[in-house]
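One-letter residues, chain by chain:
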Amino acid sequence: MSEPLALRRPRVALRAGQRALLPLLGILLLGAIFNANGAFFRWQTHAALLREVSVYGILACGMTVVIVSGGIDLAVGSLLGLCAVSFALLTLPLGLPAALALVAVLALGAAAGALAGFLIARLQLPPFIVTLALLVFARGLAKQLSGGQKVSTYLQGADGQFSRLAVPELYSQLDARVLGGNLSVVTLVFAACAGLSWVVLQRQRVGRYLYALGGNAQAARLSGVPVRATLCFAYAFSGFCAAVAGICQAAQELQGDPETGAGYELDAIAMVVLGGTRLSGGSGGIGWTVIGVLTLGYLQKVLSLNAFSSELRLMLTGVILVLALLFQRKSTPS
Amino acid sequence: MHTRRGWFAGVALGLGLLALSCERKSAAPVGTGGASTSTGGPAPKPFLIGVSQSNLGEPYRVQMNADLAREAKAHPELSLVFKDAQNDSLRQRAQVEELVSQGVQLLIISPKEGAPLTAPVAAVYDQGMPVIVLDRRVEGDRFSVFIGPDNRRIGQAAGKWAVSALAGKGKLVELEGLMTSSPARERHDGFWEGVQREQNPGIEVLFSADTQWLEPNARREMESALAAHPHIDLVFAHNDPGAHGAYLAAKAAGREQEMKFIGIDALPQEGVQYVRDGWLDVTFAYSTCAKEAIDTALALRDQRPVPKEIIVGTRRFEAGNVAQGGVPIEGL
């Protein structure tokens, strides 16, 4: 089953993508019907949606690379929190230049991911457990570093009085809008991450290695794919994306919250799968993940615009996720 | 295979050691008195207090522990031992038993949930040890004192403020906390009792959503509210981070001047600073009750009479009074 699929990969991916479009179109149609007094037809609603999904989308970019390789990365939400706290700590109380902090935090994310990749590739531990351990560890470290409190722009002195810290311009630059206030900068960051993932998966040798590894690990190993390096790269890339997302989150909240990003990994996985990338690896691609991101984002937006109760939202999200996946599978050629 | 297992054991051991060291750190006594209880030396006689905290994930609870430690510092004979139950009732139950066997002389507990911790608290109380229950209640009356703020009354104060700020007429957005948690429900109920809708029919809810206390969620919901409604007079958020998320959304839409913002909690590094910055119109303190807890602990130690229940009042913080530390609210 997996071998012919691996051989026909480009065509299968295309079909998966076409199928991924249908749930998105269905949800857009729902939005047009339940348009909340025409709010759905205003561009600002869509600009807001594109901002809201960006952080999740950035995580989903890294997640796609990991899932294509046949793995899973549960640590991205916690890493996001750790990186948000680290970035806020470095820039606010410690007052480091934003550029330096940016590089340090991106390196931290990539290093944490690479460590997970090392444990998975070199010691052959299951990705589920390794990244679960990193999930717990990174959240603990975020709380330890921040002392359990949000790292904010207010610093308490020895006398108990609060002083306001200077906020580096990078914060407002990341949370700004461009093109006449029509597009958020974080959306552009998401687009850049998606572009980078596309280059990695489609235009680099490592991309072919990743697909080969996810399609059939044994065959890939025998045909000379550098398995350890490739896996390390996949998780490091995912960690890097989590760091980018963490910096965007800190910039948008104007603080480093050690609790932020909890549960985001599940949204990121759902987005990747909604795009038609198989959890078993070896297929799919970033373009379809972007569609998955928009599908889940628009679903949340339509429910939110119409002020559905949270209970109903959770149930509807579950039902629609299953329907979307069933719909994809039904049209799979047997 | 052997080496792989060895690696795994090493990693597990490392993680375990790390967890242990964290645990030890958080359980370290605060204050100048030693952890030993047996010495009956000259005054001041050391007095060991065990503090069982339900979790340290919420900034409010981190603040509560910090406030307790600060208040205890003024009394050098007091020594505090903290335990964090990490939001797990059974772990908290075990930690209560640990504290007792560690020889604490008084227990302060902020329980995760009332029902599962009623029996452990009662068992400690029946041994003759004074128990102060903080913030959340346990069932029955087998504890010494309950000390807590009243979410419903805080909600009522916020509702009254909203009516007077809107002069009885206006469109509002309510950004709720986690509605399955009792603070969110009580703040919601109290708010609408304070608004008295029968007498103020001009107050209209445009939009309400559950934010689970989270700022990113509040910002997202507020963006939807802004998109669906061309005019909003007031945002009532169940916590200050929710108000902050709403403010950021309104600011991005260039509509932050159009509406007033109400928050709750007034933590010194959050809500109070937001009022100081000028965008948050009002916030109501949800006290950590630390001063009351330490005062009560001293009274219990000296066997002075204490009431069974102490409801700690709220303070209102607005631009005009934030420099003076807010004003107490009458009748609360």
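The rules we used
- Per-chain numbering applies: the sequence of each chain, read as written, is numbered from 1 onward.
- Chain letters and ligand numbers both follow the written order, the letters beginning at A and the numbers at 1.
- Local features in this predicted model are restricted to residues of pLDDT 70 or higher, and side-chain atom pairs are both shown and tallied only at a pLDDT of 80 or more, whereas totals for entire chains, interfaces and linings draw on every residue.
- For every element, the axis is a line fit to its C-alpha atoms; helices are fit only across the contacting stretch, and the angle between N-to-C directions ranges from 0 to 180 degrees.
- The helix and strand labels rest on DSSP assignments: H or I over at least four residues marks a helix, E over at least two residues marks a strand, and numbering proceeds from the N terminus.
- Orientation is classified from the angle alone, with under 35 degrees giving roughly parallel, over 145 giving roughly antiparallel, 65 to 115 giving roughly perpendicular, and any other angle giving oblique.
- For any pair of crossing helices, the crossing counts as left-handed if the nearer helix is rotated counterclockwise from the farther one by less than a right angle, and right-handed if it is rotated clockwise.
- Here the contact rule is simple: place C-beta atoms from the backbone, and any two residues whose C-beta atoms are within 7 Å are in contact.
- Note on residue classes: Ala, Val, Leu, Ile, Met, Phe, Trp, Tyr, Cys and Pro are nonpolar, Asp, Glu, Lys and Arg are charged, and everything else, Gly too, is polar.
- Boundaries between domains were set according to an automatic or database domain assignment.
- Strands qualify as paired when DSSP identifies two bridges or more between them.
- With C-beta atoms placed from the backbone, a residue counts as buried when 20 or more other C-beta atoms lie within 10 Å of its own, as exposed when 12 or fewer do, and as partly exposed for counts between those limits.
- Assignment of crossover handedness uses the view with strands pointing away from the viewer, where a clockwise path from the first strand over the helix to the second indicates a right-handed crossover.
- Confidence of the prediction at every residue is given by pLDDT, a number between 0 and 100.

A. Examining the packing of helix α4 (residues 76–91) of chain A against helix α6 (residues 127–146) of chain A more closely. Residue and element names in this part refer to chain A. Remark: α4 packs on α6, axes separated minimally by 8 Å, with the N-to-C direction vectors making an angle of 20°. It follows that α4 is roughly parallel to α6 by the angle criterion. For the element pair α4 and α6, the recorded crossing hand is left-handed. Taking contact as the criterion, the partners of S78, L79, G81, L82, V85, S86 and L89 in α4 are, on α6, L135, A138, R139, L141, A142, L145 and S146. A per-class count over the contact of α4 with α6 returns nine nonpolar, four polar and one charged.

B. Region of the structure containing the domain arrangement of chain B. Under the domain assignment used here, chain B contains domain 1 (46–143) and domain 2 (151–287 + 318–328). Relative placement of domain 1 of chain B and domain 2 of chain B: their C-alpha centres are 32 Å apart.

C. The arrangement of the sheet that holds strand β8 (residues 234–237) of chain B in detail. Residues and elements named next belong to chain B. With mixed pairing, the seven strands of this open sheet are ordered in space as β7-β6-β8-β9-β10-β12-β13. Strands with a single pairing partner mark the edges of an open sheet, and in this sheet they are β7 (202–210) and β13 (327–328). The sheet contact formed by strand β6 (residues 169–176) and β7 spans eight bridges and is parallel. Among the inter-strand pairings, K169 is bridged to a residue of β7, identified as G202. In this fold helix α8 (residues 240–252) packs onto β6, β8, β9 (260–265) and β10 (282–285), with an angle of close to 155° to the strand it touches most, β9.

D. Geometry of the pairing of strand β1 (residues 47–53) of chain B. All names here are of chain B. Of all seven residues that make up β1, seven are buried, and the element is covered over most of its length. Of the strand pairs in this sheet, β1 and strand β2 (residues 78–84) are connected by seven bridges, and their pairing is parallel. Counterpart to Q53 in the pairing with β2 is D84. Following the chain from β1 across helix α2 (residues 59–73) to the adjacent parallel β2, one finds a crossover that is right-handed. Note: β1 against strand β3 (residues 106–110), five bridges, orientation parallel. The residue bridging I49 from the neighbouring strand is L106, located in β3.

E. Fine view of the confidence of the model for chain A. Residue and element names in this part refer to chain A. On average, residues of chain A carry a pLDDT of 89, and 93% of them reach 70 or more. Summarising per-element confidence for chain A, the mean pLDDT is lowest in helix α1 (residues 2–7) (45) and highest in α4 (97). In the model, residues 1–11 has pLDDT below 50 throughout and makes eleven contacts with residues more than four positions away in sequence or in other chains.

F. View of the sheet that holds β3 of chain B. Residue and element names in this part refer to chain B. As summarised here, the arrangement of the six strands in space is β2-β1-β3-β4-β5-β11, forming an open sheet in which the pairing is parallel. The sheet terminates laterally at β2 and β11 (309–312), the two strands that pair on one side only. Each strand axis lies, on average, 20° off the axis of its neighbour in the sheet, ignoring direction. Note that β3 and strand β4 (residues 131–134) share three bridges and pair parallel. Bridge pairing in β4 links I108 to I132. Across the sheet, helix α3 (residues 89–101) touches β1, β2 and β3, and the angle it forms with β1 is around 175°.

G. Quick peek at the interface of chain A and chain B. Contacts between the two partners involve 26 residues from chain A, matched on the other side by 25 residues from chain B. Broken down by secondary-structure element, the contributors of at least two residues to the side of chain A that touches chain B are α3 (43–68), β1 (154–156) and α13 (286–305) of chain A. Broken down by element, the side of chain A that touches chain B gets its largest block of residues, four residues, from α3 of chain A. Split into classes, the residues belonging to the side of chain A that touches chain B amount to nine nonpolar, ten polar and seven charged.

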